[in-house]
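Architecture and fold: a report
Listed here are the chains, written in short residue letters.
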Amino acid sequence: MATSPLPLPASLNGASYLESKAVRETKGLISELCRQFYHLGWVGGTGGSITIKVHDEDVTKSQQLIVMSPSGVQKERMISEDMYILSPEGTIISAPCPKPYPHKPPKCSDCAPLFLKAYQMCNAGAVIHSHGMESCVVTMINPGSKEFRITHMEMIKGIQGHGYYDELVVPIIENTAHERELTDSLAAAIEAYPKTTAVLVRNHGIYVWGDSWISAKTQAECYHYLFDAAIKLHQMGLDWSTPIHGPIKAIKGRSRSVTRSSNLRSDINLKPFPRYIVLDIEGTTTPISFVADVLFPYARDNVGRHLSATYATTETQDDIKLLRAQVQDDLEKGVAGAVLIPPDNAGKEEIIAALVANVEAMIKADRKITALKQLQGHIWRTGYVNNELKGEVYEDVPEALERWQGSGIKVYIYSSGSRLAQRLIFGNTNFGDLRKYLSGFFDTTIGNKRESRSYVEITKSLGADHPSEVLFLTDVYQEATAAKAAGLEVIISVRPGNAPLPENHGFKSVHSFSEI
């Protein structure tokens, strides 16, 4: 049940509150952090800034006061009394007193309008603006790029919502003569990249935010590390944006000569290689029988055991929450097999029994829903860890992945299975760990595989200049049609056991990745 936002206490603007422990500590914290950031090279020459919301349990974050560093001052010499206090809307409530020469008259940070955008659009608790050399130089390596991309680096795990195998994407906006003029560009970047926690400004620096000062600081440190790593890899002629960080290879607009082998189909037109390849799993890289006869039965047979063993964990409670919401929706729509799940205060065994019944019905119906796929991924993870499962791919897949990566093509997976489940399959295959060849994973959180808009979102996420730079391989005609409608190049995979295709379906088809 939704709750109404807590009202802003009348005392929040009072002198007593402005002198409260929470406000004093926040002002002191900004002084301390700026000294640290100065020695890191982030706020030298009076540049850069930081702002933190005053944490108060009695006030919702959107209504908390804002403490902000001043502009044009020696950041490493700031003290608490130098800070500005702003209302949630950005009105200055308290300003520092002027200091004698050679200090300049006090002025609130020029970053204030941009800070407020991060607060308003991202529900941030703190925002850091750094002029760190790494964040500036990394935007100059490719002056035409609108994004910074990197994958397979340990420090990516420090960025909210990312793991080692994920591709980190940071939007880049163009610099202007005055900081405030960046406000609209920053807002547009946040809107275009709703999951981002940072925006780079070319030839300038970076804005980083988090739900707390700790989150913002941690991510800022990780971003700077990754930028520094990218610069050093580039100096060595290595591509930081690919999983193995091999030699840089330019392929855009270049045709590649191909020797037609005896098994190459005559209906495959030779075109310049795509910049990106997106692969379906079931029936494309992996036999349908592996999913239907191995993975699904394993999840079905072990769901009760898994839920019982992990019931109290946060992960499983999140899975149960998702299942409750899905089942409630199913009951309202009259979906066959849906069984009411007892409330949280019911007995554990009673709740698990209902969950098992629902999951079994969902698996039987082969439903492509996030609640099921997320739980299945967690169950399969246990199977892989216990060596009860081994991922399976067609024998032509490893060679193709290695060949494509060696050609500078980035390869991604798009499956109805969760990203965790995808990583498990490719990390534990009969040919070893193949994740080193993959730049990222997409699941149904980006959209249904039979909807064209999902492929539009993938194209945007990849940063492709045009949808035709993306090649999608699938065995499902409806998915192929949706991808084609979004402008992607499409090839249908024809494998043993796949469902029959419509006659004259109009798509190119291959029986092996060696034909591509």
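The text that follows walks through the structure, step by step, so that each part is easy to find. The structure presented is a predicted model; accordingly, all values stated were derived computationally and were not measured. (Residues numbered from 1 in each chain as written. Predicted model: local features only at pLDDT ≥ 70, side-chain atom pairs only at ≥ 80, totals over all residues. Heavy atoms only, no water.)

Describing the packing of helix H8 (residues 314–333) against helix H10 (residues 370–385)
At a closest axis distance of 8 Å, the pairing of H8 and H10 adopts a crossing angle of 150°. Classified by the angle between their axes, H8 and H10 sit roughly antiparallel to one another. Remark: the crossing between H8 and H10 carries left-handed chirality. Judged by residue contacts, Glu 315, Asp 318, Asp 319, Leu 322, Leu 323 and Gln 326 of H8 engage Ala 371, Leu 372, Gln 374, Leu 375, His 378 and Arg 381 from H10. Looking at side-chain class alone, the contact of H8 with H10 contains 5 nonpolar, 3 polar and 4 charged residues. (Axes fitted to C-alpha atoms, helices over the stretch in contact; angles between N-to-C directions. Helix = DSSP H or I, 4+ residues; strand = E, 2+ residues; numbered from the N terminus. Parallel < 35°, antiparallel > 145°, perpendicular 65-115°, else oblique. Left-handed = near helix turned anticlockwise from the far one by under 90°. Contact = heavy atoms within 4.5 Å. Nonpolar A, V, L, I, M, F, W, Y, C, P; charged D, E, K, R; others polar.)

Section: the sheet that holds strand S15 (residues 508–510)
The strand order S12-S11-S10-S13-S14-S15 describes an open sheet built from 6 strands, whose pairing is parallel. The sheet terminates laterally at strand S12 (440–442) and S15, the two strands that pair on one side only. Each strand axis lies, on average, 25° off the axis of its neighbour in the sheet, ignoring direction. Bridging between strand S13 (residues 470–474) and strand S14 (residues 489–493) involves 4 bridges; their strand directions are parallel. Looking at the pairing, Phe 472 lines up with Val 490 of S14. Here helix H12 (residues 419–427) sits on the sheet in contact with strand S11 (410–414) and S12, set at roughly 135° to S12. (Pairing = 2+ DSSP bridges.)

Side note on the sheet that holds strand S7 (residues 167–173)
Across the sheet, which stays open at both edges, the 9 strands sit in the order S4-S3-S2-S1-S5-S9-S8-S7-S6 with mixed pairing between neighbours. Looking at which strands have only one partner, the edges of the open sheet turn out to be strand S4 (92–94) and strand S6 (147–151). Adjacent strand axes in the sheet meet at a mean angle of 25°, parallel and antiparallel pairs treated alike. Of the strands in this sheet, strand S1 (49–53), strand S5 (126–130), S6, S7, strand S8 (198–201) and strand S9 (205–210) touch helix H6 (residues 213–235), which is tilted by about 145° from S9. Its contacts with the sheet put helix H13 (residues 452–462) on S6 and S7, and the angle it makes with S6 is roughly 90°.

Topic: the pairing of S7
Of all 7 residues making up S7, 7 are buried, and the element is well covered by its neighbours. By the alternation rule, side chains of S7 split into Glu 167, Val 169, Pro 171 and Ile 173 and Leu 168, Val 170 and Ile 172, which are all buried. Pairing of S6 with S7 involves 5 bridges; the strand directions are antiparallel. Residue Thr 151 lies in a different strand from S7, and its bridge partner there is Glu 167. (Buried < 20%, exposed > 50% of the residue type's maximum accessible area, 1.4 Å probe, protein only.)

Some details on the side chain of Thr 284
Along the chain, Thr 284 turns up in the loop between strand S10 (276–279) and helix H7 (288–310). The buried category is assigned to Thr 284, whose relative accessible area is 0%. Not counting residues within four places of it along the chain, the set of residues in contact with Thr 284 comprises Tyr 394, Leu 473, Thr 474, Asp 475, Ser 493, Arg 495 and Phe 513.

Observations concerning H8
The terminal C-alpha atoms of H8 lie 29 Å apart, and with 20 residues this matches the ideal 28 Å at 1.5 Å per residue to within 8%. Along H8, the residues classified as buried are Thr 316, Asp 319, Ile 320, Leu 323, Gln 326, Val 327 and Asp 330. Buried residues of H8, viewed axially, fall in a sector of 135°; they line one side. Turned more than 90 degrees away from the buried face of H8 sit Thr 314, Lys 321 and Glu 332, all of them exposed. Just downstream of H8 lies Gly 334, where phi reads positive at about 70°. (Expected span 1.5 Å × (residues − 1). Arc of directions from axis to C-beta.)

Quick look at the pattern of salt bridges
A pair can form between side chains of opposite charge whenever their charged atoms are brought close. The final tally for this structure, using the stated rule, is 29 salt bridges. In this structure, the salt-bridge partner of Arg 202 is Glu 174, at a minimum N-O distance of 2.8 Å. Highlighted residues: Arg 202 in the loop between S8 and S9 and Glu 174 in the loop between S7 and helix H5 (183–192), separated in sequence by 28 residues. The residue Glu 399 makes a salt bridge to Arg 403 at a minimum N-O spacing of 3.2 Å. Within this pair, Glu 399 and its partner Arg 403 are both found in helix H11 (residues 396–406), separated by 4 residues, close to a single helical turn. By relative accessible area, Glu 399 is classed as partly exposed at 41%. Among the charged side chains, a network of salt bridges with common partners joins Glu 147, Arg 149, Glu 167 and Lys 410. (Salt bridge = Lys/Arg side-chain N within 4 Å of Asp/Glu carboxyl O.)

A closer look at the packing of H7 against helix H9 (residues 348–364)
Interhelical geometry of H7 versus H9 gives an angle of 165° and a closest axis separation of 9 Å. Regarding the angle of H7 to H9, the classification is roughly antiparallel. In the packing of H7 onto H9, the handedness of the crossing is right-handed. Contacts between H7 and H9 involve Phe 296, Ala 299, Arg 300, Val 303, Gly 304, Leu 307 and Ser 308 from the former and Lys 348, Ile 352, Leu 355, Val 356, Val 359, Glu 360 and Ile 363 from the latter. When its residues are assigned to classes, the contact of H7 with H9 shows 9 nonpolar, 2 polar and 3 charged.

These figures capture arrangement, not role.
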